[in-house]
Amino acid sequence: MKFSFKDEQLLFAEATREMLRKDCSPEAINEFVESDSAAMPELWNSFASMGVLGITASETLGGLEMLDQDFVLIMEELGRAACPEPVMEHAVLSIPLLEECNNKSKYTSILKSAINGEHRLSVALESQYVVGADSADYLLLFRDSLLHLVAKESIVLQRQASVDSSRRLFSVKWDTNSGTVIEGDSDKVRSLIEITKLRAEVSTAAQCIGVAQQLLDMTVQYVQERKQFGKPVGVNQAIKHHLADTGKAIEFARPMVYRAAWSLNKGDTEAELAAHMAKLLASKAVDLACKTSLQCHGAIAYTLEYDLQIWLKRGLTLSSSWGDIYRQREKIADCLGL
Amino acid sequence: MDLFFDANQTAFRDEIRHWINENKPNDRWAPMDTQLGFEQHRTWERTLFEAGWSVPNWPKKYGGRDCSLIEWLLYEEEYYLSGAPGRVNTNGISLLGPTLFSWGTEEQKDRFLPKMANGDEIWAQGWSEPDSGSDLASLKTVAVRDGDHYVINGQKTWCSRGAWADWIFCIVRTDPTSERHAGLSYLLVPGNSPGLIRRPVSRLDGEPAFAEIFFDDCRVHVENLLGDEGAGWSVAMATASSERGLNLRAPGRFLAAANRLVQLYMKAIERNPLLPSAIRDQVVDAYVNAQAYRYQVFQKATMLMEGGTLGAEASYMKLFWSELDIEIHASALRMLSEQGELVEGAPDAEDSGNWMSGYLFALAGPIYAGTNEIQRNIVAERVLGLPRK
C-alpha cells in the first residue's frame, strides 16, 4: 500500500496547470463564450503539443498510453481551469473506445489525427447530449447494442443551450445507415460501454474536485480582501465554518477519486463501486463549494461580471453529469446488494 | 501508487485476524465505563500485551512489535471487525503514549510505557476545568514547586474513567503569575496521591464515566514532569494532534460500524420491504463516508511514512470521524424506528441496544478533543489561511 503519486505524474499535472493558466484564462473563456465559436483552437493545439489529447492512446500510434491514475490529476486541472474544450470526451472516452473495438486497424489514421489534434472526437452513450459536437469531426454513437462511428457530415445537430454557456451541448440526429459499425459484438459493446461510463464518472469526479478547489481558493482570497464593519469578512466564524466544511468535503472526496482512478486499471474487484463512490463524493463536494462560495462572496458573485460564475456554472453542470448524487447512491446500493 | 497490500501486510493482517478471533473473550462484560467493567477490560489489556498485540506499532522494547503505520491500520480494522472489547487504556496508549515518545526522557519512557502497554497502569486525561473548556489556556489549577515536589491545588473535570484510573495526565499552571499559554506544565499524577479526591459524574448514557478531580495540596514528585517546566502547552499540542488525527480514531472503528449498518439494513429490508428509500440512502452515505475516511488515512499514512508531517489538517480528520460516527449510528436508529430507543436489558433490543449506546457515545465526539467549532476555526485559520482578527 502506497498512496502517493510519482513525480512524473505530478509534474505533468503541474505543466498542464501552467498551460491552462496561460491559454485558458477566465478572459479567454469569456471571449470564447461571447464569440459563440465552436472551439478554442489555440488551447486545443496546446493540449495536442503537450500530448494530453493522446494520454490514453497506444504508444505505437503516438500516444502516451497512460492509465487513469496517471491522468486523474490532469482531469482535476481541467476542472480547476473550467476548461471548455471537451478533452475528457475526446481523449479519455472516445479514443479508448475506438482503440478497443475489433475493427480498430481500419481507424488508425483517424486515431493518429485524433492524437495530434487534427481531428476531434466526441461521444454519446445512451441518451446524452453530446458535449462539443459542433467541433467534432467524428462522433462515437451507440444505438441498438452497436457502437457506430459517424462523420460530422452525416449528423444533424441541434444546440441545447446550457446554463454553462462554455459547455456546448447538442442533441444529434443520424441515420443508422450513415454510420460505420465499429463494434458489432453486442457483448463487447456492453462491456466497453460499462468501462467507459466508469471512466467518465471518475474523470468527471476529478473535474468536480478541481472546480470545487478553485471555488474555495477564490473565496478564501476574496473574504480576506472584502471588508465590512471595518474588518475582513473572513474573520467571522460563520464564514470560516462554511469554508472549513467545504475544504473538508474536498479533502475527503479527493483520495476516493484517486483510488477509483487507480482501481480502473488494476483488476480491483471494487473498481465499479469505487467509481460510483468517487462521483458521489465529488458531486457533494462541488455542490457545497458552489453554495458556500456564492454565499461568502455575496452579490458580486451573482453577476456575470465576476469570474466566479464560470466555476459556479461548471460545478452545477458537472455535479449532475455522469451521475448526480441520487443516481450514484442507487448504483452504490446495487453494488452493495442493498 | 499501489493500493494493494503487499505480502507482508497481508500476512500481518491474517495473523491478527486469526489471533483475535481465537482469543477474544466470549462473555459480555460490563461497560468499561463502570468500575466492574473497568477491571474486566484491564484483564483484556494484559491478554493483548502477552501476545504482543496491545501496542503493535510501538518498539519491541516497550512491548510492541515495531509494525508499520499501514500494518497498524490493518490491525485496527481487524480489531474492530472482530467485535473484541474496547480498549480501556486508549487515553494512555493513543494519547499519552505518542506524547511520551516525543517528549519523555529515556527514564520516563522506560518507567511508563511498558506498564501502559500491559494494562497495569490505566490512564485518564485531566485537562478541562469547570471554567476552562474550549479556552483551555485559561486553566487555573496551580502546581507550585516545593523541593522535589509540586503541590497541586485546583479542579479538573470530564475526566473519562478518571474515578478509577491509575494515573492522570494533567496540564497545570506551574507559574501562578503567568497567563494563557505561558507558565503551563504537563504533569503525570498518580491516582492514589494524597490530596487527590475524585467524584464520579454520570454521563448522558447513565454510566459514571466522568470524574471530577479535586486537588487539595496534592504532592507530586518532579520526576513526573513531562517536558520542561513551562513547556506544557507545546507538550499538550502533541497530545492534541494525536487526539484529532489518526491515533485516537483509526478508520477500523468506523469501517466495522458501517459494515454492521449494512448488515442491519439487509435484515431490516427483509422484514419490511417498504422501508423508506431515504433510509437506504443514509446507509449508502454512511458506508461511503467510512470508506472516504479509510482512503484519506491511507493517503496520510503514506505521506507520514515518506517523511511528511501532519499539521493542522488533523482537524479535518477530527471533524470527519466525529460526524461520521454520529451519521452511522443515527442511520441505524432511524432504521430501527421505535425499536431504536430500546437499551440493554429490553427484551426486544436489537444487538443488546448497542446502536443506542453507540449513538450516545458518538454524540460526545463533536465535543471532546476540542469542539468541532474550534476545529473549524483551526482549519479556516491554519489550513485555509483566513485571518484570526
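None of the values given here were measured: they were computed from a predicted structure. (Residues numbered from 1 in each chain as written. Chains lettered and ligands numbered in written order. Predicted model: local features only at pLDDT ≥ 70, side-chain atom pairs only at ≥ 80, totals over all residues.)

Helix and strand counts for chain A come out as 11 helices and 9 strands. A compact globule built from 338 residues would reach a C-alpha radius of gyration of about 20 Å, and chain A, at 20 Å, matches this within 12%. Every one of the 338 residues in chain A was classed for burial, and the buried ones make up 51%. For chain A, the share of sequence-separated contacts (at least 6 apart) that also reach a separation of at least 24 residues comes to 73%. (Helix = DSSP H or I, 4+ residues; strand = E, 2+ residues; numbered from the N terminus. Rg over C-alpha atoms; globule rule 2.2 N^0.38 Å. Buried ≥ 20, exposed ≤ 12 C-beta atoms within 10 Å, placed from the backbone. Contact = placed C-beta atoms within 7 Å.)

Glancing now at the overall build of chain B. Each helix and strand in chain B was counted, giving 11 helices and 8 strands. The globule rule puts the C-alpha radius of gyration for 389 residues at 21 Å, and the 21 Å found for chain B is close to it. Dimensions of chain B, computed from the C-alpha atoms along their principal axes, are close to 70 × 50 × 45 Å. A separation of at least 24 residues holds for 71% of the contacts in chain B among residues at least 6 apart in sequence.

We now examine helix 8 (residues 277–305) of chain B. Residues and elements named next belong to chain B. For helix 8, with 29 residues, the first-to-last C-alpha span of 42 Å sits near the 42 Å given by 1.5 Å per residue. Judged by how many residues are buried, helix 8 sits mostly within the fold: 21 of 29 residues are covered. Directly beyond the C-terminal end of helix 8, a positive phi value near 100° is found at Gly307. (Expected span 1.5 Å × (residues − 1).)

We now examine the sheet that holds strand 4 (residues 146–151) of chain A. All names here are of chain A. Overall, mixed pairing links the 4 strands, which are arranged 1-3-4-7 in an open sheet. Each edge of the open sheet carries a strand with a single partner, namely strand 1 (121–124) and strand 7 (180–183). Strand-to-strand, the axes of this sheet are offset by a mean angle of 30°, without reference to chain direction. Where strand 1 lies against strand 3 (residues 138–143), 4 bridges are found, and the strand directions are parallel. Within strand 3, the residue paired with Val123 across the bridge is Leu140. With respect to the sheet, helix 7 (residues 186–225) is in contact with strand 3, strand 4 and strand 7, its orientation differing from that of strand 4 by roughly 75°. (Pairing = 2+ DSSP bridges. Axes fitted to C-alpha atoms, helices over the stretch in contact; angles between N-to-C directions.)

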